[in-house]
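# Examining the three-dimensional arrangement
Spelled out, the chains give:
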Amino acid sequence: MKLATIGVGNAGSKIIDRMLEFEEETGRNLCRHVLVINSARTDLAKPDYVPEDRRVLIGDTHQKAKGHGVGGDVEVGAEVAKHDIDEIRRAFDDVEIHEVDAILVAAGLGGGTGSGAGPVVIDELQKMYDEPVYGLGILPGEYEGGRPALNAARSLQSFVRKVDNFIAFDNDAWRARGQTIEEGYEQMNRELAIRIVTLLAAGEIDESEVAENAMDSSDIMRTLDTDGVSSIGYASTAIREEGEGLLDRFRNGEELEAGATDAAKIKGLVRRAVNSRLTLPCEVSSADRALVVLSGPPELISRKGIESARQWIEQEADTVEVMAGDDPRPNSPELAAVVLLSNVTETPRIKDIQSQAVDAQDKIEELEAVREEEINDLITDDDDKLDPVV
Ligand code: GDP
């Protein structure tokens, strides 16, 4: 599909940047337009692949932001976006929307800019265009504490109500031991970018290629058209090494079950994708619709394999709405399977974030009440004999 991509806040912009990087590395052409929006000038300078003129600073004249970010405050994040909405609109004006099939808005939901400004940006996009708007949202890890959980739980409601589909990524599930937070983020962003780009760029290939069974973007859009929350599974296998023209390694079954037919290998790869760490851990059977894409050299993609993988997902997800197709990439060094589980409703992590958020909200209210009382006690005399001047 052809996509307009918008990153809001720091995490949102980093994800878009990694998507552009992966696209360039693999010769894909998914993101036809790109824009990043941030309230922190320093974060806007970070992307490597986003052109300078596609970066929008919001809130630089706002009393509480002044170009330094919104300090994790969602209310301020939303306020600065509303305040600078004309500037945001002007940036959209450069997007030739008739050239794209859909718009993707990426944000981290635990902070202030992505979670607060993101929904304002989406509102505006929904007003201006008929194309579907998808959200790509990062859920904060439990280890981040109560405030990010509260931001995320509130922002998730706004995002999901406003977008046509919300693809979620759970930092908690992807946290690895022995890494600094930044190293961890780098790896997570890369993994997420691979999944999103492989999925959404499926079928977007050089027209000179013969691709009878190539995935159609309308199939991807139909699967996403559920208004719900989605998760993605992915698995890949190397099929040749540098300088080696060989498909034999794959054919000989070293990468997958030895001796298996091509069809069985494809099915095995798809099974691995569904059983892999999903972007949002969830009960596969709770998905409403699913879609599977096989991406790699066309001679390795067995139709029979795709069909039997499709049937297998139909059983696993307990739905008849499973689409499957291929994404021929003749020069790809690997074969990849990506599975989109659309509108998953059983995902414990979201419930956990909500309960962490409720605790945080109660605590914040409690502290505020106590603080007021303490200030009052401090500035008044014990018998309350004194009055303020004015
Ligand atoms: P904002 O700029 O105010 O929207 O805030 P950030 O984007 O910096 O952070 C918001 C949330 O996104 C954090 O609470 C983290 O959960 C998450 N986050 C920040 N940076 C990254 C990143 O590079 N990768 C991932 N996966 N998550 C991130």
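Residues numbered from 1 in each chain as written. Predicted model: local features only at pLDDT ≥ 70, side-chain atom pairs only at ≥ 80, totals over all residues. Heavy atoms only, no water.

### Regarding a negative patch on the surface
Note the threshold: The patches described consist of residues with a relative accessible area above 30% and no salt bridge, like charges being joined within 9 Å and nonpolar side chains (Val, Leu, Ile, Met, Phe, Trp, Tyr) within 5 Å. Exposure was quantified through the Shrake-Rupley algorithm and a 1.4 Å probe, taking into account, for residues, occlusion by the shown protein chains and nothing else. Think of a salt bridge as a Lys or Arg side-chain nitrogen and an Asp or Glu carboxyl oxygen that are within 4 Å of each other. Only four residue types enter the charge count: Lys and Arg as positive, Asp and Glu as negative, with His and the chain ends excluded. To locate a charge, the coordinates of NZ of Lys, CZ of Arg, CG of Asp or CD of Glu are taken. Segments assigned H or I by DSSP are reported as helices when at least four residues long, segments assigned E as strands when at least two residues long, and all are numbered from the N terminus.
A cluster of acidic residues, Glu373, Glu374, Asp377, Asp382, Asp383, Asp384 and Asp387, forms a negative patch on the protein surface. Counting through the fold element by element, Glu373 comes out in helix H13 (residues 348-379).

### Some details on the packing of aromatic side chains
Keep this limit in mind: Pairing of aromatic side chains requires ring centres within 6.5 Å, counting the rings of Phe and Tyr and the six-membered ring of Trp. Pairs whose planes differ by under 30 degrees are stacked, by over 60 edge-to-face, and all others tilted. Buried, partly exposed and exposed residues are distinguished by accessible area as a fraction of the type maximum, computed with a 1.4 Å probe on protein chains only: under 20%, between the cut-offs, and over 50%, respectively. Think of it as a cone above the ring: NZ of Lys or CZ of Arg counts as a charge over the ring if it is within 6 Å of the ring centre and within 35 degrees of the ring normal.
The tally for this structure, following the rule as stated, stands at two aromatic pairs. Relative to Phe166, the ring of Phe159 has its centre 5.7 Å away and its plane inclined at 65 degrees; by these criteria the two rings are edge-to-face. The buried category is assigned to Phe159, whose relative accessible area is 0%. Lying across the ring of Tyr143, Arg175 places its NZ or CZ 3.9 Å from the centre. The ring centre of Trp174 lies 4.2 Å from the NZ or CZ of Arg277, which sits over that ring.

### Considerations on the environment of Asn151
Keep this limit in mind: In what follows, a contact means two residues having at least one pair of non-hydrogen atoms within 4.5 Å.
Here Asn151 is to be found in helix H6 (residues 146-162). If sequence neighbours within four positions are ignored, Asn151 has contacts with Gly72, Val74, Leu109, Gly110, Gly111 and Ser115.

### Some details on the domain arrangement of the protein chain
To keep it simple, the criterion reads: Domain delimitation in this document rests on an assignment produced automatically or drawn from a domain database. When two parts are brought into contact, each loses some accessible area as probed by a 1.4 Å sphere; the total of that loss over both is the buried area. Counted as a polar contact is a pair of N or O atoms within 3.5 Å, where, for protein atoms, one must be capable of donating a hydrogen and the other of accepting one, and residues adjacent in sequence contribute only when both atoms are in side chains. When residue character is reported, Ala, Val, Leu, Ile, Met, Phe, Trp, Tyr, Cys and Pro are called nonpolar, Asp, Glu, Lys and Arg charged, and the others, Gly included, polar.
Domain annotation of the protein chain identifies domain 1 (3-200) and domain 2 (217-342). The C-alpha-based centres of domain 1 and domain 2 are spaced at 27 Å. Tallying the contact residues gives 25 residues for domain 1 and 25 residues for domain 2. Of the roughly 2200 Å² buried between domain 1 and domain 2 on both sides combined, carbon and sulfur atoms contribute 62%. Linking domain 1 with domain 2 are one salt bridge. Asp327 is the salt-bridge partner of Arg28, the closest N and O atoms lying 3.6 Å from each other. For the interface between domain 1 and domain 2, the tally reads 13 residue pairs in polar contact (both at pLDDT 80 or more). Contributing elements (two or more residues each) for the side of domain 1 that touches domain 2: strand S5 (133-139), strand S6 (165-170), helix H7 (171-174) and helix H8 (181-200). No other element matches H8, which puts seven residues into the side of domain 1 that touches domain 2. Split into classes, the residues belonging to the side of domain 1 that touches domain 2 amount to 16 nonpolar, three polar and six charged.

### A word on the UniProt feature "binding site: GTP" (unreviewed entry) in the protein chain
What counts here: UniProt positions are given in the numbering used here, feature names are shortened, and annotations may be inferred rather than shown by experiment.
In the numbering used here, UniProt assigns the "binding site: GTP" (unreviewed entry) feature to Gly112, Thr113, Gly114, Glu144, Asn171 and Asn189. With respect to the helices, strands and loops of the structure, Gly112 is situated in the loop between strand S4 (102-108) and helix H5 (113-128). We classify Gly112 as buried; its relative accessible area is 5%. Setting aside residues up to four positions removed in sequence, Gly112 forms contacts with Val70, Gly72, Asp73, Val74, Gly77 and Ala117. One can find Thr113 in helix H5. Leave out the neighbours within four places in its chain, and Thr113 touches Val8, Gly9, Asn38, Ser39, Val70 and Gly118. A distance of 2.8 Å separates polar atoms of two side chains, one belonging to Thr113 and the other to Ser39.

### So, the pattern of salt bridges
Inspection of every chain in the model, using the stated rule, returns 24 salt bridges. A salt bridge links Lys46 to Asp43, with the nearest nitrogen and oxygen atoms 2.8 Å apart. Asp43 sits in the buried class, given a relative accessible area of 17%. As a salt-bridge pair, Arg310 and Glu307 come within 3.1 Å of each other at their nearest N and O atoms.

### Details of the site of the ligand
We apply this condition: One heavy atom within 4 Å of a molecule or strand is enough for the residue carrying it to be called near that molecule or strand.
What surrounds the ligand is a group of 17 residues, the closest being Ala11, Lys14, Gly114, Glu144 and Asn189. Within the contact set of the ligand, an oxygen atom lies 2.5 Å away from a side-chain nitrogen or oxygen of Glu144. Bound to the protein, the ligand loses 89% of the 570 Å² it would expose on its own. If you list the elements that add at least two residues to the shell around the ligand, you get helix H1 (9-26), H5 and H8. If one sorts the elements of the shell around the ligand by residue count, H1 sits on top with four residues. A breakdown of the residues in the shell around the ligand according to their chemical character gives five nonpolar, ten polar and two charged.

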